[in-house]
Amino acid sequence: MINIGIVDDIQIDRNLIMVTINKVNTNVKYVQYDINNLLSNNLNKELISKIEGDILSEKIQALIIDQSNTSKYGSVDGTDIYKYFYKKLREFPLVILTNYKDDALKENMVDSDKIYDKQSFLSFDDNSLEYAKKFIRNINRFLENKMYLERRINELKGSIIEESYDEILEKKLFLFEDELSNYKIINKSYLQKQLEEVNYDDIFNLIDRVEDILNNE
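Residues numbered from 1 in each chain as written. Predicted model: local features only at pLDDT ≥ 70, side-chain atom pairs only at ≥ 80, totals over all residues. Heavy atoms only, no water.

1. A look at the side chain of Ser-120
Logical step 1: Among the secondary structure elements, Ser-120 is positioned in helix 5 (residues 118-121).
Logical step 2: Relative accessible area serves as the criterion here: at 16%, Ser-120 is assigned to the buried category.
Logical step 3: Other than its neighbours up to four places away in sequence, Ser-120 contacts Asp-125, Asn-127, Ser-128 and Tyr-131. (Helix = DSSP H or I, 4+ residues; strand = E, 2+ residues; numbered from the N terminus. Buried < 20%, exposed > 50% of the residue type's maximum accessible area, 1.4 Å probe, protein only. Contact = heavy atoms within 4.5 Å.)

2. A short note on the pattern of salt bridges
Logical step 1: Taken as a whole, this structure holds 13 salt bridges when the rule is applied.
Logical step 2: One salt bridge connects Lys-118 with Asp-13, and the closest N-O pair in it is separated by 2.9 Å. Of this pair, Lys-118 sits in helix 5 while Asp-13 sits in helix 1 (residues 11-22), and the two are 105 residues apart along the sequence. Judged on exposure class, the residue Lys-118 and its partner Asp-13 are both buried.
Logical step 3: Here Lys-157 ties to Glu-177 by a salt bridge, and the two come within 3.7 Å at their closest N and O atoms. (Salt bridge = Lys/Arg side-chain N within 4 Å of Asp/Glu carboxyl O.)

3. Here we look at the pairing of strand 2 (residues 28-33)
Logical step 1: Strand direction decides the pairing type here: strand 1 (residues 2-7) and strand 2, joined by 6 bridges, are parallel. Following the sheet pairing, Gly-5 is matched in strand 2 by Val-31.
Logical step 2: Read as a crossover between parallel neighbours, the route from strand 1 over helix 1 to strand 2 is right-handed. (Pairing = 2+ DSSP bridges. Right-handed = clockwise from strand over helix to strand, strands pointing away.)

4. Examining the side chain of Asn-25
Logical step 1: With respect to the helices and strands, Asn-25 occurs in the loop between helix 1 and strand 2.
Logical step 2: A polar atom in the side chain of Asn-25 sits 2.7 Å from the backbone nitrogen of Asn-27. (Polar contact = N/O pair within 3.5 Å; in protein donor to acceptor, adjacent residues only side chain to side chain.)

5. What to know about the packing of aromatic side chains
Logical step 1: For the coordinates displayed, the defined rule picks out 8 aromatic pairs.
Logical step 2: Taken together, a centroid distance of 5.6 Å and an interplanar angle of 80° make the contact between Phe-92 and Phe-142 edge-to-face. Pair noted here: Phe-92 is in the loop between helix 3 (78-88) and strand 6 (94-98) and Phe-142 is in helix 6 (residues 126-163), with a separation of 50 residues, a long-range link.
Logical step 3: Judged by its relative accessible area of 3%, Phe-92 is buried.
Logical step 4: Residue Phe-142 is classed as buried on the basis of its relative accessible area of 5%.
Logical step 5: One Lys or Arg, Lys-23, reaches over the ring of Phe-124 and ends 5.4 Å from the middle of that ring. (Phe/Tyr/Trp six-rings, centres within 6.5 Å; stacked < 30°, edge-to-face > 60°. Lys NZ or Arg CZ within 6 Å of the ring centre and 35° of its normal.)

6. Some points on the sheet that holds strand 1
Logical step 1: Read from one edge of the open sheet, 5 strands run 2-1-3-6-7, paired in parallel fashion. The sheet terminates laterally at strand 2 and strand 7 (115-117), the two strands that pair on one side only. Strand-to-strand twist across the sheet, computed as the mean angle between neighbouring axes with direction ignored, equals 25°.
Logical step 2: Seen against the sheet, helix 1 touches strand 1, strand 2, strand 3 (62-66) and strand 6 and runs at an angle of roughly 160° to strand 2. (Axes fitted to C-alpha atoms, helices over the stretch in contact; angles between N-to-C directions.)

7. Examining the confidence of the model for the chain
Logical step 1: This prediction gives the chain a mean pLDDT of 84; 78% of its residues lie at or above 70.
Logical step 2: Mean pLDDT per element in the chain: helix 8 (residues 189-194) is the minimum at 49, and strand 1 is the maximum at 97. (pLDDT = per-residue confidence, 0-100.)

8. Focus: the packing of helix 2 (residues 43-56) against helix 3
Logical step 1: Running from amino to carboxyl end, helix 2 crosses helix 3 at an angle of 40°, the nearest separation of the two axes being 11 Å. As summarised for this structure, helix 2 and helix 3 are arranged oblique, according to the angle between their axes. For the pair helix 2 and helix 3, the sense of crossing is right-handed. Each of Asn-44, Leu-47, Ile-48, Ile-51, Glu-52 and Ile-55 in helix 2 lies in contact with helix 3, whose residues at this interface are Asp-80, Ile-81, Tyr-84, Phe-85 and Lys-88.
Logical step 2: Broken down by class, the residue content of the contact of helix 2 with helix 3 amounts to 7 nonpolar, 1 polar and 3 charged. (Parallel < 35°, antiparallel > 145°, perpendicular 65-115°, else oblique. Left-handed = near helix turned anticlockwise from the far one by under 90°. Nonpolar A, V, L, I, M, F, W, Y, C, P; charged D, E, K, R; others polar.)

If you want it as structure tokens, here you go:
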């Protein structure tokens, strides 16, 4: 089961997004974020807090964001939501739906591959299905890589317990936990303790090795 969050201020559009996704995968649950239900004088902060809590609890594993959201209490720019979570969780599956792609591209940190033409996405034509298939593929790849990293971290922790202190194992654990922080919100206290002892040449070499492993899985 895949859990997808949807940020859109229009219920009809949220319904159309769900229908589009369900055309390529029916094994999906949705969490809808309607800013009309937010009462704060800081809509961005309240919405981000809600989404972040759902990511932390793994209630959602991907997010579709309409670029423009308006309620009687104010508005939310979808690119602000995108940039916040892209910076915090680099590998988390995010897409922006917009009818003004050029405007979204002007924003720093917004990947052109993560910007979908909203009208096309909701049209139910071949392009719409390709968008949906691409998004589902990205989610599946994200989940597979996340599970792989979690498994390797558990294996390394087990090895460290069995073998007592081992510098190489400690550095590998550092690397895998650091990489996992791009996929999920984790407690980095262990990482922070290790920073002063890290040989960054070794770490960069290990990063290359992990990327090769992930790409070849």
